[in-house]
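A look at the structure
Take a look at the letters that make up each chain.
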Amino acid sequence: MSNRVHERSMEMDEEGSTKMKMKTKVLELPKKIKKILKNLWKVGKDDPRRVKHALKVGVSLTLVSLLYLMEPLFKGIGNSAIWAVMTVVVVLEFSVGATLCKGLNRGLGTLIAGSLAFFIEFVVNDSGKVFRAIFIGASVFIVGALITYLRFIPYIKKNYDYGMLIFLLTFNLITVSSYRVDTVIKIAHERFYTIAMGVGICLLMSLLVFPIWSGEDLHKSTAAKLQGLSSSIEACVNEYFEEEEKENETSDLSEDTIYNGYKTVLDSKSTDEALAMYASWEPRHTRHCHRYPWKHYVKIGSVLRQFGYTVVALHGCLKTEIQTPRPLRGLFKDPCVRLAGEICKVLSELAASIRNRRHCSPEILSDSLQVALQDLNIAIKSQPKLFLGSDQNGSVSQGNSGRHTTNVSKHINKDTNDAASHQTGTRLDQNTGTPRGERMSRFGPNVSFSRLRADTLERRSAAATSQRKILRQQLSMIVVMTSLEFSEALPFAAFASILVEMVARLDNVIDEVEELGTIACFKEYDNSVDKKDVEVRVEKPSDLVVGIE
């Protein structure tokens, strides 16, 4: 009876827990719905063009569905109208270049495949059934193998892979079906017309209704990457020379600024190549009808990634376990901040140059950058005791090393003498005293002289091992004592060397942007107009301020 009561109580507890879980889920449902709606709103807010593209797809599908919904159109086309719907779903992409690439590949692939299938049907139309089957089989084998092999060619794989796939599919469908179905040619005609209608609707909607150009996206993203690198460098230098550690919220915000600035650059390779390929399909649509060298934008992206690696290394200096003390960093704050400010100034000017499609300022590499480098060099040389690179520090280190070596030698000699006196005393105790017979009786009749000799050698080897341990300890003390004077400055030395490396790599970025301006026929630099584009200033040597209007 008690067992039944216990089982009944357990069942009631389980039912109660189940009800509580269901109640909790029902209460959490509005929060989940609100979170989903918030994410949907964020997607559209980040890029409003996504909403426009979704509306364009909806309108295109509605227009192409009229082939089914309107009776006159359905009678003229028939069931093949479904191919127009499939074409819109597959072909209509986000940008004009992607839509043109897919649409033209699909249209040309279908047209060429249909023409080749019609030619084969014309050749074997009057032949026997066996010869027709053999000829169709051979044609399918040759065309299939050839097209598949051609798809491995990098240029075709990159630009015409979708067209090759559509060609292979359409050719096999028409050629093989024509052996059993007599009306396959008529069906192929209808499908081709409906596919052409779908492609036409896609191209009209993509080109005329809120067009989205891949070339413009690539152009703007290149300028944004330059500005992002500038922001990352600014945030890194400001955080490195902070007098006090930041709070967690402020530190996380700074980390996001630094990380997002160079992450976009490092992850841009595949995106840049895709945008450049789609941009090559787009017609000339700018005011002056310039056809921009999109491949050169990919080259600039590669150079920016090489420059971005130095920003990653600079960010890594903030995360190392061994850090230079903040008072020691303050000795070099002014020259480092001014040097970083000049680098940010150059990057911001390059970003404005690309964004406004104009040449760079003739004074992009001003004397201020060279002065900042010289000031940093002078500041480092003014503290010779912190760095091993100067002769004065070498002599100081040698003097300190000599003093430490003298002290260590004294300790070693003392320890060695103590060990030697201990061993001599042991040997005197063994060799002097009682006669030989008493010594034998003292150790016992079963102990031989060879065993005594082995014990003596073992004691000597133990003494030698202890001397080597003492010597290693003393030598390690020499290394530690001589390195304490400059080890605190080594993390800053790495930080400063990365800033100098940035200046060296900055020349490559400037050269590529200037070459882009020459090839793309950018307008000449106008000082009176372009002063408002970018304002980069250093109000104080210790405060770096980069402002963009």
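Residues numbered from 1 in each chain as written. Predicted model: local features only at pLDDT ≥ 70, side-chain atom pairs only at ≥ 80, totals over all residues. Heavy atoms only, no water.

Per an unreviewed UniProt entry, the recorded name for the chain is Aluminum-activated malate transporter 14 isoform X1, and the organism is Camelina sativa. One UniProt comment on the chain, placed under Sequence similarities (unreviewed entry), says "Belongs to the aromatic acid exporter (TC 2.A.85) family." Taken from UniProt, the Subcellular location (unreviewed entry) comment for the chain reads in full: "Membrane". (UniProt positions renumbered as here; feature names shortened; annotations may be inferred.)

A word on the overall build of the chain. Summing up its helical and strand segments, the chain has 21 helices and two strands in all. Surface exposure of the chain reaches about 33,600 Å², of which carbon and sulfur atoms provide 60%. (Helix = DSSP H or I, 4+ residues; strand = E, 2+ residues; numbered from the N terminus. Areas by Shrake-Rupley, 256 points an atom, 1.4 Å probe, with all protein chains shown as cover.)

The subject of this paragraph is the confidence of the model for the chain. Within the chain, residue pLDDT values average 75, and 71% of them lie at 70 or more. Across residues 389-453 the pLDDT falls below 50, and counting only partners more than four positions away or on other chains, this stretch makes 36 contacts in the model. (pLDDT = per-residue confidence, 0-100. Contact = heavy atoms within 4.5 Å.)

Before going further, it helps to spend a moment on the pattern of salt bridges. Overall, the coordinates contain 15 salt bridges when judged by the stated rule. For Glu93, the salt bridge identified is with Lys102, shortest N-O distance 3.2 Å. In this structure, Arg505 and Glu501 form a salt bridge, with 2.9 Å as the shortest nitrogen-oxygen distance. Taken together, the positions of Arg505 and Glu501, both in helix α20 (residues 490-519) and four residues apart, correspond to about one turn of that helix. Looking at Arg505, the relative accessible area reads 26%, which means it is partly exposed. One connected set of salt bridges, linked through shared partners, spans Asp47, Arg49 and Asp217. (Salt bridge = Lys/Arg side-chain N within 4 Å of Asp/Glu carboxyl O. Buried < 20%, exposed > 50% of the residue type's maximum accessible area, 1.4 Å probe, protein only.)

Where helix α15 (residues 333-355) meets helix α16 (residues 367-381), the closest approach of the two axes is 9 Å, and the angle between their N-to-C directions is 155 degrees. When the interaxial angle is binned, α15 and α16 end up roughly antiparallel. At the point where α15 passes α16, the crossing takes the left-handed sense. Residue-level inspection shows Pro335, Cys336, Arg338, Leu339, Glu342 and Ile343 of α15 in contact with α16, the latter providing Ser368, Leu369, Ala372, Leu373, Asp375, Leu376 and Ala379. When the residues that make up the contact of α15 with α16 are grouped by side-chain class, the tally is nine nonpolar, one polar and three charged. (Axes fitted to C-alpha atoms, helices over the stretch in contact; angles between N-to-C directions. Parallel < 35°, antiparallel > 145°, perpendicular 65-115°, else oblique. Left-handed = near helix turned anticlockwise from the far one by under 90°. Nonpolar A, V, L, I, M, F, W, Y, C, P; charged D, E, K, R; others polar.)

The next thing to look at is a negative patch on the surface. Where like charges cluster on the molecular surface, the negative patch consists of Asp507, Asp511, Glu514 and Glu515. Checked against the element boundaries, Glu515 lands in helix α20. (Patch = residues over 30% accessible without salt bridge, like charges linked within 9 Å, V, L, I, M, F, W, Y side chains within 5 Å. Lys, Arg positive; Asp, Glu negative; His and termini not counted. Charge placed at Lys NZ, Arg CZ, Asp CG, Glu CD.)

Moving on, we get to the packing of aromatic side chains. Scanning the model with the defined rule gives eleven aromatic pairs in all. Look at Phe167 and Phe171: their rings are 6.2 Å apart centre to centre, the planes differ by 10 degrees, and that puts the pair in the stacked class. Here Phe167 pairs with Phe171, and both are found in helix α8 (residues 161-177), just four residues apart, close to one helical turn. Here Phe167 matches Phe171 in class, with each residue buried. Centre to centre, the rings of Phe241 and Phe495 are 5.9 Å apart; their planes meet at 85 degrees, and the pair counts as edge-to-face. Here Phe241, found in the loop between α10 (214-240) and α11 (248-266), pairs with Phe495, found in helix α20; they are 254 residues apart in sequence, far enough to count as distant. For the residue pair Phe241 and Phe495, the accessibility class agrees, reading buried in each case. Through a chain of ring-to-ring contacts, the aromatic side chains of Tyr155, Tyr160 and Trp281 assemble into a single cluster. Above the plane of the ring of Tyr162 lies Lys102, whose end atom (NZ or CZ) is 5.4 Å from the centre. (Phe/Tyr/Trp six-rings, centres within 6.5 Å; stacked < 30°, edge-to-face > 60°. Lys NZ or Arg CZ within 6 Å of the ring centre and 35° of its normal.)

Its place among the elements puts His315 in helix α13 (residues 294-317). The exposure class of His315 is buried, given its relative accessible area of 7%. Counting along the chain gives 82 residues from His315 to Ile233, while the straight-line C-alpha distance between them is 8.4 Å.

Before going further, it helps to spend a moment on the layout of surface pockets. By volume, the largest pocket amounts to about 420 Å³. Breaking the lining of the largest pocket down by element, the ones donating at least two residues are α4 (82-91), α5 (96-123), α8 and α9 (184-208). Split by residue class, the lining of the largest pocket holds 16 nonpolar, six polar and two charged. (1 Å grid on protein atoms, 1.4 Å probe; cavity = no way out; pocket = protein on both sides within 12 Å on 5 of 7 lines; lining within 4 Å. Points joined across faces, edges and corners; volume = space filled by probe spheres on them.)

Let's shift gears to helix α2 (residues 49-69). The end-to-end C-alpha separation of α2 is 30 Å, in line with the 30 Å expected for 21 residues at 1.5 Å each. For α2, every residue scored as buried is listed here: His53, Lys56, Ser60, Val64 and Leu67. (Expected span 1.5 Å × (residues − 1).)

Below, the discussion takes up the packing of α10 against α15. Taken N-terminus to C-terminus, the directions of α10 and α15 make an angle of 170 degrees; their axes are 8 Å apart at the nearest point. The orientation of α10 with respect to α15, classified from their angle, is roughly antiparallel. Considering only the axes of α10 and α15, their crossing is left-handed. In this structure, α10 contributes His219, Thr222, Ala223, Leu226, Gln227, Leu229, Ser230, Ile233, Glu234 and Val237 to the contact, and α15 contributes Val337, Ala340, Ile343, Cys344, Leu347, Ser348, Leu350, Ala351, Ile354 and Arg355. Across the contact of α10 with α15, the residue classes break down as 13 nonpolar, five polar and two charged.

A word on the UniProt feature "transmembrane region" (unreviewed entry) in the chain. UniProt annotation of "transmembrane region" (unreviewed entry) refers to residues 82-101, 108-124, 130-150, 162-180 and 192-213 when read in the numbering used here. The distance from the first to the last C-alpha atom of residues 82-101 is 22 Å, and the span holds 80% helix and 0% strand. Taken end to end, residues 162-180 is 84% helix and 0% strand, and its two terminal C-alpha atoms sit 28 Å from one another.

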